[in-house]
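Structure assessment
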Amino acid sequence: MAPPAMAFQALTLSPLPLPTARRRVRVLAVAADHTPPPPPASSSEPANSPSRLLRELAQRKKAVSPKKKHPPRRFILKPPLDDERLTRRFLNSPQLSLKALPLLSSCLPSAPLTAADKNWMDEYLLEAKQALGYPLAPSETLGEGDDCPARHFDVLLYLVFQHLDPSCERTRTRHVRNGHSRLWFLGQYVLELAFCEFFLQRYPRESPGPMRERVFALIGKKVLPKWLKAASLHNLVFPYDDLDKMIRKDREPPSKAVFWALFGAIYLCFGMPEVYRVLFEAFGMDPDDESCQPKLRRQLEDVDYVSVEFDKRQLTWQDVAAYRAPPDALFAHPRLFRACVPPGMHRFRGNIWDFDNRPKVMGTLGYPLPMNDRIPEITEARNIELGLGLQLCFLHPSKHKFEHPRFCFERLEYVGQKIQDLVLAERLLMKHLDAPGRWLAEKHRRMLMNKYCGRYLRDKHLHHYIIYGESVQDRFEHNRRLRNPSTTAVQQAIHGLAYCVYGKPDVRRLMFEVFDFEQVQPKAV
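We now turn to the structure provided with this report. Computed from a prediction, not measured in an experiment: that's the story for all the values here.

Right, let's get into the environment of Val341. Tracing the sequence through the fold places Val341 in the loop between α14 (334–340) and α15 (352–356). Along the backbone, Val341 and Glu385 are 44 residues apart, and their C-alpha atoms lie at a distance of 9.0 Å.

Following this line, the structure appears as structure tokens:
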């Protein structure tokens, strides 16, 4: 039998791809290919020709760069003004119009007010002045000469109510926007210092913790819309909205900005007594209200004396606002000093710290300052009280607080925090005339960070003189996490003492000449 016929199928041999090693290539940049496209493949070219396969592979591998995002317009550099326009802008700026009032001048608008600004003032300013209890006459008629700060109240009060409204062209102009933000930057620290001084004198035995709770309950951002409505100012802040129906994120930021800016303007034109009047009279704040009482906590028994002026009765805001130091007073702020330094500190006079460390601390800080006193005994008494106050600044709570709650630096530290905030805010406003408030607030925060405050004290080697309790001495001296916050507190307490004894100029001297908060002095090599 014949074998079956075997059918052979013809095989078409195609070129096999050569094995190539795969390498991962990182594309760092892509250049646009402007070469003319390759000629179309001829119809005679077979479907599996190597040249066609390579051309398709190259087309697939060609990377397409994503669409570039342009930077926002505010980051695009503008060409500088020529000398003539720059000179004209500076000479026309209201900020350079007052030589005798540099802080007030720095908070005026950076350009003259426009017709739209004056129209708003004509329409709404009388309503604001009436709600705050000011005379309705133009402020230019107050006082004599341009050096009277009250003459500029109308302009500042206009800036107060110009919170940024995206739909309003007038509030987006540069001189209005920056003028408003600079006022609220100053006003927040004015309010903090005003309440700090008031509560320290009203509650002479209380620690700063409950006081901070009282302040937050009175001027926290949640309650600010309520105060604006109580003073009938809400229609100027929200002219087209019902305040009670607005959600919190739309209601609170404008209220906070306007409230802070208002007290910045009042402080610049009329001073701190007027701040108290507007707070407690125009807005009707009540420190005894149930809503602003601190939470209940375990109180240490205070057996020490307080100064006579606090022992008889509780001070009111009128007492604090109307108080004037007598001409022969020992201190710039005598009653505040008595509220922070208890009379019992005299028992520490002549102890080892007073004999050994006080002269070194006073030498480092440049104390005592030369004063022109009529009677030498006044100078001697001030220097004794200053030495006792300095010892209190270095008295850590771990030493005596459990038996004598006020024999530590806490109350002076509270004053020092607030006064150094205000002093640096004034410095930044006068130094950066063109800067908006948000930029100043960020710079202020970065310069007064707690870690820097403690570092400046340690750079002067003053942290060796802090008086710790025996139980925690080793832990605080050898543990950086415990030591650094206490050095920050001592540094702030020194500022509080300087404010009470010598006033705000001495706080400036300590901050910018002794501790060099701006870090501009040359360093020792």
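Where helix α19 (residues 410–431) meets helix α20 (residues 437–447), the axes come as close as 10 Å, and the angle between the chain directions of the two elements is 130°. Considered as vectors, α19 and α20 are oriented oblique to each other. Of the two elements, α19 crosses α20, and the hand of that crossing is right-handed. Only Leu440, Lys443, His444 and Met447 of α20 make contact with α19, whose side of the interface consists of Asp421, Leu424, Ala425, Leu428 and Leu429. Each residue belonging to the contact of α19 with α20 can be placed in one class, and the counts come to six nonpolar, one polar and two charged.

One can describe the packing of helix α6 (residues 174–202) onto helix α7 (residues 208–219) by two numbers: an axis separation of 10 Å at closest approach and a directional angle of 130°. Comparing the axis directions of α6 and α7 gives the class oblique. In this structure, the crossing between α6 and α7 has a hand that is right-handed. On α7, the residues touching Leu191, Glu192, Phe195, Phe199 and Leu200 of α6 are Met211, Arg214, Val215, Leu218 and Ile219. Its residues placed into classes, the contact of α6 with α7 shows eight nonpolar, no polar and two charged.

Within the sequence span of helix α16 (residues 358–365), burial applies to Val361, Met362 and Leu365. One side of α16 holds all its buried residues, which, seen down the axis, span an arc of 95°. Here the buried face of α16 lies against α15, α17 (376–393), α23 (480–501) and α24 (504–514). Once α16 ends, the next one or two residues include Gly366, with phi positive near 80°.

Here the focus is α6. With 29 residues, α6 extends 42 Å from end C-alpha to end C-alpha; this agrees with the ideal 42 Å at 1.5 Å per step. Counting buried positions along α6 yields 26 of 29 residues, so the element is predominantly enclosed.

This part covers unusual backbone geometry. Cis peptide bonds are those with omega within 30 degrees of zero, and the linkage from Tyr367 to Pro368 qualifies with -10°. Mapping Pro368 onto the fold places it in the loop between α16 and α17. Despite not being glycine, Gln519 has its phi angle at roughly 55°, a positive value. For Gln519, a relative accessible area of 38% puts it in the partly exposed group.

So, about the nonpolar core. Most often, soluble globular proteins have nonpolar side chains that are buried together. Phe259 and Phe283 are the most contacted members of the largest nonpolar core, which has 139 residues in total. If sequence neighbours within four positions are ignored, Phe259 has contacts with Leu191, Ile219, Leu224, Trp227, Leu228, Leu279, Phe283 and Met285.

Take the environment of Lys431 next. Along the chain, Lys431 turns up in helix α19. Separated by 329 residues in the primary sequence, Lys431 and Pro102 place their C-alpha atoms 10.0 Å from one another.

Below, the discussion takes up the packing of aromatic side chains. To describe a pair of aromatic rings, one takes the distance between the centres and the angle between the planes. Going through the model one piece at a time under the given rule, you end up with 25 aromatic pairs. Aromatic pair Phe185 and Tyr189: ring centres 5.7 Å apart, planes at 90°, arrangement edge-to-face. One end of the pair, Phe185, and the other, Tyr189, are both in helix α6, four residues apart, so they sit about a helical turn from each other. Just as Phe185 is buried, Tyr189 falls in that class too.

A few words on the pattern of salt bridges. When the charged atoms of two side chains lie near each other, side chains of opposite charge can form a pair. Enumeration over the complete set of coordinates arrives at 30 salt bridges. Measuring nitrogen to oxygen at the nearest pair gives 2.9 Å for the salt bridge that ties Glu206 to Arg214. Judged by relative accessible area, Glu206 falls into the buried class, the value being 14%. A relative accessible area of 5% places Arg214 in the buried class. Residue Arg406 is joined to Asp302 by a salt bridge in which the shortest nitrogen-to-oxygen separation is 2.7 Å. Placement of the pair is Arg406 in the loop between α18 (397–400) and α19 and Asp302 in the loop between α11 (272–282) and α12 (308–311), with a sequence separation of 104 residues.

Counted according to the given criterion, the structure contains zero disulfides. A disulfide-free cysteine, Cys340 has its sulfur positioned 4.7 Å from the sulfur of Cys500, the nearest such atom. Its relative accessible area of 2% is what places Cys340 among the buried residues.

Right, let's talk about the side chain of Arg382 for a bit. Positionally, Arg382 belongs in helix α17. Only 2.6 Å separates the side chain of Arg382 from the backbone oxygen of Leu330, close enough to count as a polar contact. Every residue in contact with Arg382, bar those within four places of it in the chain, is listed here: Ala329, Leu330, Phe331, Met371, Asp373, Val501 and Tyr502.

Calculation rules
- Residues numbered from 1 in each chain as written.
- Predicted model: local features only at pLDDT ≥ 70, side-chain atom pairs only at ≥ 80, totals over all residues.
- Heavy atoms only, no water.
- Helix = DSSP H or I, 4+ residues; strand = E, 2+ residues; numbered from the N terminus.
- Axes fitted to C-alpha atoms, helices over the stretch in contact; angles between N-to-C directions.
- Parallel < 35°, antiparallel > 145°, perpendicular 65-115°, else oblique.
- Left-handed = near helix turned anticlockwise from the far one by under 90°.
- Contact = heavy atoms within 4.5 Å.
- Nonpolar A, V, L, I, M, F, W, Y, C, P; charged D, E, K, R; others polar.
- Buried < 20%, exposed > 50% of the residue type's maximum accessible area, 1.4 Å probe, protein only.
- Arc of directions from axis to C-beta.
- Expected span 1.5 Å × (residues − 1).
- Core = buried A, V, L, I, M, F, W, Y, C linked by side-chain atoms within 4.5 Å.
- Phe/Tyr/Trp six-rings, centres within 6.5 Å; stacked < 30°, edge-to-face > 60°.
- Salt bridge = Lys/Arg side-chain N within 4 Å of Asp/Glu carboxyl O.
- Disulfide = S-S within 2.5 Å.
- Polar contact = N/O pair within 3.5 Å; in protein donor to acceptor, adjacent residues only side chain to side chain.

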